[in-house]
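Residue-level listing of the chains:
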Amino acid sequence: MSAASSQLTEDQFLCSICLDVFTDPVAIPCGHNFCKTCITDHWDINDPYECPNCKKVFYTRPELQVNTFISEMAAQFRQSAQQKASRSSEQQVSKPGEVPCDVCTGTKLEALKSCLVCLASYCEAHLEPHLTASRLKRHQLIDPVENLESRMCMKHEKPMELFCKTDQTCICMLCTVLDHKTHDFVPLKEEYEGKKAELGKTEAKIQQMIQKRRLKIQEIKHSVKLSDKDADREIAEGVQVFTALKESVERSQAELLDTIKEKQRKTKKQAEGFIKELEQEISELKKRSTEVEQLSQSEDHLHLLQSFMSLNVVPPTKDWTQVSIRPPSYEGTVVRAVAQLEETLSKQMKKHFRVELKRVQQSAVDVTLDPNTAHPDLILSDNGKQVKHGDVRNDLPDNPERFNTYVNVLAKQSFSSGRCYYEVQVQGKTHWTLGVARESINRKGVIIVSPQKGYWTISLTIKNECNARAGLDVRLSLKSPPQKVGVFVDYEEGLVSFYDVDAAALIYSFTGCSFTEKLYPFFSTGLNKGGKNSAPLIISPVNHTE
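Residues numbered from 1 in each chain as written. Predicted model: local features only at pLDDT ≥ 70, side-chain atom pairs only at ≥ 80, totals over all residues. Heavy atoms only, no water.

J.: Whenever I open this one, the sheet that holds strand β6 (residues 120-122) confuses me. Can you help?
T.: Adjacent strands of a sheet pair through backbone hydrogen bonds, lying either parallel or antiparallel. Strands sit in the order β6-β5-β7 across an open sheet of 3 strands; the sheet is antiparallel. Each edge of the sheet is formed by a strand with only one pairing partner; in this case those strands are β6 and β7 (141-142). For strand β5 (residues 113-115) and β7, the ladder comprises 2 bridges, and the chain directions are antiparallel. Note on β7: the bridge partner recorded for Cys115 is Leu141. (Pairing = 2+ DSSP bridges. Helix = DSSP H or I, 4+ residues; strand = E, 2+ residues; numbered from the N terminus.)

J.: What should I look at first to understand the sheet that holds strand β11 (residues 378-380) in this one?
T.: On the basis of which strands lie adjacent, the open sheet formed by 7 strands has the order β11-β12-β23-β14-β19-β20-β21 and antiparallel pairing. If you trace the sheet from one side to the other, it starts and ends with β11 and β21 (505-510), each paired once. In this sheet, neighbouring strand axes are inclined to one another by 20 degrees on average, regardless of whether the strands run parallel or antiparallel. The pairing of strand β19 (residues 484-490) with strand β20 (residues 495-500) spans 6 bridges and is classified as antiparallel. When the bridges of β20 are listed, Val489 appears paired with Val496. Set on the sheet, helix α9 (residues 333-360) makes contact with β14 (419-425), β19, β20 and β21; between it and β20 the angle comes to about 120 degrees. (Axes fitted to C-alpha atoms, helices over the stretch in contact; angles between N-to-C directions. Contact = heavy atoms within 4.5 Å.)

J.: Help me understand the pairing of β20 in this model?
T.: The side chains of a regular strand alternate, first on one face of the sheet and then on the other. For β20, the buried fraction is high: 6 of the 6 residues fall into the buried class. Of the two faces of β20, the one lined by Leu495, Ser497 and Tyr499 and the one lined by Val496, Phe498 and Asp500 are each fully buried. Between the end of β19 and the start of β20, which pair antiparallel, lie 4 residues, with Gly494 showing a positive phi angle near 70 degrees. Pairing analysis gives 5 bridges linking β20 to β21, with the strands arranged antiparallel. Looking at the pairing, Asp500 lines up with Ala505 of β21. In textbook terms, the turn of a hairpin is the stretch between consecutive antiparallel strands, and for β20 and β21 this stretch comprises 4 residues, one of which, Ala504, has a positive phi near 50 degrees. (Buried < 20%, exposed > 50% of the residue type's maximum accessible area, 1.4 Å probe, protein only.)

Encoded structure:
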């Protein structure tokens, strides 16, 4: 019997009235089987006595006898199903937040599917009829959901199977001929597929956005890592430089004190020598004074006369009239010490600036001049790397980008983030201005070159003086004008620095700047002055400082 039951499907043991496995199955004269209680209740309500399956009418109520064979088969099938459900019950017990089976009594198992026709959710065991019974297979199954009633049209109590594109809402079949009869509607599945495709695109877009933000996080973390590395390097270099400076100051101070103390010691030693000599002479003079006094009081005529010649003469002494102790001159001692210290500090600073210049040179960019911005008197080289003031004005259109009053020109390249560095040779020139300017600067008529007007520059004036154009010009104390100028910009830091490349020295820095626009390298050649200032400004390739 066990082998036979394994060949049978569950729908052969289902009562077509209760849709569950037979309980006390009985056969009626037409051959169909039902639960005894189910067919009895059916005939108690309906008249005449009709088979629910084939509709055959019995004018006399048939006598019902339990079919023991089918009963045993159904009991065995029910036991097998219970064992199967029991084996998986621990894994399938409904947890909070999961949809429970509507049929289970006692412990509710987790539902595997929900039926939109039955408006019920079923666990694995109770779902079996929908998978095997021919007429139940036509029911629409979906992933388990709660509140299946919400899927029914509240107005017509029919399943919502359509989507109204006009009102963007789900509707039932009756809605299409009543409230939505003039609207555009499609099957729910069709709209589902469309919306699912849109969600797919949205999901892809979201994933792309997530990926971009993950990359941005990596970029920020990398920036922080670089910042930490730069900070550690700067701290190490700063400690090294200031330790060296501190040691130099302490050493110079010690040398200064030693010099002063040595002069003081020599003065004291000389004074002590003189005093010792004087005290010796005083001692001898006192002795002679005593001898003379004693002789003058003597009554012995012969003795006085015999001793007179030796005692009447003053003992030989040193002529002290020209001897003096002059305090040592300390004038210039401190100045010389400071000068020596300054030289030492200068060497340390030069060493530090050389390292700094080498570092900023790592941000070198290629810069070429933009002829569309050049004043008509300027002559640009074909490669855009040189510019000088000419004696003849070029016939050029006065486009909005062009300077028309001052002999200025901008580079083609601009930057609005990060760092950049370039070098300009100014050798042989008597007047020039270099730096950066923001995109919105005034290029026509009178121009005021200052940070407030969008210019961060330094200049060599016709008086051979270097100035920082900071609103009020700041005169720069340089031993000599630079022959090659390095320009460094850190956009986020708000920093513009100028370097004397050959001397590896910092000329001047604009700090705390607030950049909100594109910045362009700025060049002004100054006037030709009859050939005195005819040398060109040359954008030079960066040779990294050794």
